[in-house]
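Observations on chain architecture
Residues per chain, in single letters:
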Amino acid sequence: ANIHSGNIPLRLGGGLEINPKQILAYVGPFDTHTTIRVADILSAIGVPQISYGATGLKLQDPVEYPYFLRSVPADDKQSRAIISYLKNFNLTNIQVVSSRETIGQEMMTEFRRLANLN
């Protein structure tokens, strides 16, 4: 927000300064947690954000994050695709390997929920 408002100058190599008014959108960050923090700021100032890695479900809220876009499916969509694949090939006895890190936890929770429904 400080760069976009002009409070902090943005310079390229050689001292060339970029006019923040020419920044039409921001790309990134990768993880959901950081993306939410950035989206909070960018949504407040009306600047679009495109994430290439954030899959968290919270970012789907169009009221809270009207300027947020992603290039990867959200956790619930990925979980549905995995369940559909498993059902298509009648794979009923599977093992899922995951970590206890923040990334992937929402997908694992949604996968468990959907697996119990199917």
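Please refer to the structure placed before this passage.
Cut-off values and rules
Residues numbered from 1 in each chain as written. Predicted model: local features only at pLDDT ≥ 70, side-chain atom pairs only at ≥ 80, totals over all residues. Heavy atoms only, no water. Helix = DSSP H or I, 4+ residues; strand = E, 2+ residues; numbered from the N terminus. Rg over C-alpha atoms; globule rule 2.2 N^0.38 Å. Buried < 20%, exposed > 50% of the residue type's maximum accessible area, 1.4 Å probe, protein only. Contact = heavy atoms within 4.5 Å. Pairing = 2+ DSSP bridges. Axes fitted to C-alpha atoms, helices over the stretch in contact; angles between N-to-C directions. Core = buried A, V, L, I, M, F, W, Y, C linked by side-chain atoms within 4.5 Å.

Okay, the overall build of the protein next. When its secondary structure is counted, the protein shows four helices and five strands. In sequence order, the protein lays out its α and β elements as α-β-β-β-α-β-β-α-α. Over its C-alpha atoms the protein spans a radius of gyration of 19 Å, topping by over 25% the 13 Å that the globule rule assigns to 118 residues. In terms of principal-axis extent, the alpha carbons of the protein reach across some 60 × 30 × 25 Å. Split into buried and exposed, the 118 residues of the protein put 26% on the buried side. In the protein, the proportion of contacts linking residues at least 24 apart, taken out of those at least 6 apart, comes to 30%.

A sheet is described by the order of its strands in space; here three strands give the open sequence 3-4-5, paired in parallel fashion. What marks the edges here is a single partner per strand, and that holds for strand 3 (26–27) and strand 5 (68–70). Of the pairings in the sheet, the one linking strand 3 to strand 4 (residues 49–51) comprises two bridges and is parallel in character. Residue Val27 lies in a different strand from strand 4, and its bridge partner there is Ile50. Here helix 2 (residues 32–45) sits on the sheet in contact with strand 3, strand 4 and strand 5, set at roughly 165° to strand 4.

Let us now look at the nonpolar core. Grouped together as the largest cluster of nonpolar side chains are six residues: Ile36, Ala39, Ala54, Leu59, Tyr65 and Phe68. Apart from residues lying up to four places away in sequence, Leu59 is in contact with Thr32, Thr35, Ile36, Ala39, Ala54, Tyr65, Phe68 and Arg70.

Worth remembering: the numbers are spatial, not functional.
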